[in-house]
Amino acid sequence: MVFSVGLTRIRIENLELDCLIGVWPHEREQAQRVRVDLTIDVDTQRAILSDDLADTVNYDWLADSVRFILQSGRFRLLESAVACVQRWVLMPPLTHGARPAVQNSTIRITKYDAFPDQTLAIVESTNQAGDFTYEHEQKTWGSVDVIAETAHVGFYRLNIRPGQELPLHYHTYMREQEWVVEGRLALLEEGREPTILTTQQWIEFPMEHRHGYRNIGEVTASLLCMDSPPFNHDDEILVSSS
């Protein structure tokens, strides 16, 4: 049976969360409440037939990824926050996955405390999948997709091939947080047994913490990575195996 449904519109409305956002000194210290409204268009033909969550965009997973971006990014401008969310939402999924690609999206972020009264500050962006290109870097363990870089943060997708390890390393000035997109990963930490991670798990490392990852699954696993400042090869210091 074939259902001729065209594109299906999925909305997430009134997603409220606290995050650091703004340029003024008090905004860099005190989290503020923001609201996110997100609309995406996807082809759900396969999901309709299978009735399987894996064949569509899981809105809980999507909302959680938005929380990660806004809370780990600590953006100065709403414009930068909207752009990073938009580029992630429209990024093509890994080829092995069943999740359909998002064709169109509208992201709207409302900042409640920009003014002393009830006036709201709102930034909204509408884009199509073809509006963006992404840098792709090959690594011995897999690849890195550059989702977005601003003056203050770098946002990346790390893709680790089956059986491969992103080796133990640490940073001396980059603040790094990561979020498991998909796949089976073990977190490697110096002096500790590996920890099995779950999808949507958020990891934040203290400075100079030795860490890495091993893909223990049969397909490529991926992580979102937020670095502040943007990634600098000189500050990825490998831990000697000797």
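For the structure given in this document, a descriptive report is provided here. Throughout, a residue's number is its position along its own chain's written sequence, starting from 1. For this predicted model, a pLDDT threshold of at least 70 governs which residues receive local features, and a threshold of 80 or more governs which side-chain atom pairs are given and counted, while totals over whole chains, interfaces and linings are taken from all residues. For side-chain calculations, the full set of non-hydrogen atoms in the structure is used, while hydrogens and water are omitted.

1. What to know about the sheet that holds strand S13 (residues 211–215)
Inference 1: Criterion used throughout: strands pair if DSSP finds at least two bridges between them. In this text, helices come from DSSP runs of H or I with a minimum length of four residues, and strands from runs of E with a minimum of two, each type numbered from the N-terminal end. The strand order S11-S10-S13-S8-S15 describes an open sheet built from 5 strands, whose pairing is antiparallel. The open sheet is flanked by strand S11 (195–196) and strand S15 (237–238), the only strands paired with a single partner.
Inference 2: In the sheet, strand S10 (residues 185–189) pairs with S13 via 5 bridges, with the strands oriented antiparallel. Bridge pairing in S13 places Glu 189 opposite His 211.

2. So, the side chain of His 209
Inference 1: Mapped onto the elements of the fold, His 209 is located in the loop between strand S12 (202–204) and S13.
Inference 2: Exposure is judged per residue with a 1.4 Å probe applied to protein chains only, and the accessible area is read against the type maximum: over 50% gives exposed, under 20% gives buried, and values in between give partly exposed. On the basis of relative accessible area, His 209 is assigned to the buried category, the value being 18%.
Inference 3: Polar contacts involving the side chain of His 209 include one to the side chain of Glu 189, which spans 2.7 Å. Within 3.5 Å is the distance limit for a polar contact, defined as a pair of N or O atoms, with the added protein rule that one can donate a hydrogen and the other accept it, and that residues adjacent in sequence qualify only through two side-chain atoms.

3. A few points about the side chain of Asp 55
Inference 1: Position of Asp 55 relative to the elements: it lies in the loop between helix H1 (45–50) and helix H2 (59–73).
Inference 2: Only 2.6 Å separates the side chain of Asp 55 from the side chain of Ser 50, close enough to count as a polar contact.
Inference 3: In this description, contact between two residues means that some pair of their heavy atoms is separated by no more than 4.5 Å. In this structure Asp 55 touches Arg 46, Ala 47, Ser 50, Ala 98 and Pro 100, once residues within four positions along its chain are discounted.

4. Points about H2
Inference 1: Here H2 spans 21 Å end to end across 15 residues, near enough to the 21 Å set by a 1.5 Å rise per residue.
Inference 2: Among all positions in H2, only Trp 61, Leu 62, Ala 63, Asp 64, Ser 65, Val 66, Phe 68, Ile 69, Leu 70, Ser 72 and Gly 73 are buried.
Inference 3: The residue sitting at the N-terminus of H2 and contributing the capping side-chain oxygen is Asn 58; that oxygen lies 2.9 Å from the backbone nitrogen of Asp 60.
Inference 4: A positive backbone phi angle near 50° is found at Arg 74, which sits one or two residues after H2. Multiplying one less than the number of residues by 1.5 Å gives the expected span of a helix.

5. Let's talk about the nonpolar core
Inference 1: Of all hydrophobic cores here, the largest spans 43 residues; its most connected members are Leu 70, Trp 88 and Phe 155.
Inference 2: Leaving out residues up to four positions away in the same chain, Phe 155 has contacts with Phe 68, Ile 69, Cys 84, Trp 88, Asp 145, Val 146, Ile 147, Ala 148, Leu 224, Cys 225 and Met 226.
Inference 3: Of all hydrophobic cores here, the second largest spans 17 residues; its members include Trp 141, Val 144, Leu 187 and Cys 225. Within this scheme, the nonpolar core is defined by two criteria: the residues are buried Ala, Val, Leu, Ile, Met, Phe, Trp, Tyr or Cys, and they are joined through side-chain atoms within 4.5 Å.

6. Points about the sheet that holds strand S9 (residues 175–182)
Inference 1: Here 6 strands make up an open sheet; going across it, the order is S5-S6-S7-S14-S9-S12 and the pairing antiparallel. Only two strands of the sheet have a single partner each, and these edge strands are strand S5 (135–139) and S12. On average, adjacent strands in this sheet sit at an angle of 20° to one another, irrespective of strand direction.
Inference 2: Taken together, the 5 bridges between S5 and strand S6 (residues 142–149) define a ladder with antiparallel strand orientation. Its bridge partner lying in S6, Lys 139 is registered against Gly 142.
Inference 3: As a rule, the C-alpha atoms of each element are fitted with a line to give its axis, helices using only the stretch in contact, and angles between N-to-C directions run from 0 to 180 degrees. Strands in contact with helix H3 (residues 78–89) are S6, strand S7 (154–160), S9 and strand S14 (221–228); relative to S6, the strand with the most contacts, it is inclined by about 145°.

7. Structural notes on the packing of aromatic side chains
Inference 1: A pair of aromatic rings is counted whenever rings of Phe, Tyr or Trp (Trp by its six-membered ring) have centres within 6.5 Å, and the orientation is called stacked for planes under 30 degrees apart, edge-to-face for over 60 and tilted otherwise. Evaluation of the coordinates by the stated rule reveals 5 aromatic pairs.
Inference 2: Ring geometry for Phe 68 and Trp 202: centres 5.1 Å apart, planes at 75°, overall edge-to-face. With a gap of 134 residues between them, Phe 68 in helix H2 and Trp 202 in strand S12 connect regions that are remote in the sequence.
Inference 3: Take Phe 68: its relative accessible area is 0%, and that puts it in the buried class.
Inference 4: Residue Trp 202 is classed as partly exposed on the basis of its relative accessible area, which comes to 34%.
Inference 5: Note on Tyr 156 and Phe 231: the rings are 6.5 Å apart at their centroids and 75° apart in plane angle, and the pair reads as edge-to-face. Placement of Tyr 156 in strand S7 and of Phe 231 in the loop between S14 and S15 is noted, with a sequence separation of 75 residues between them.

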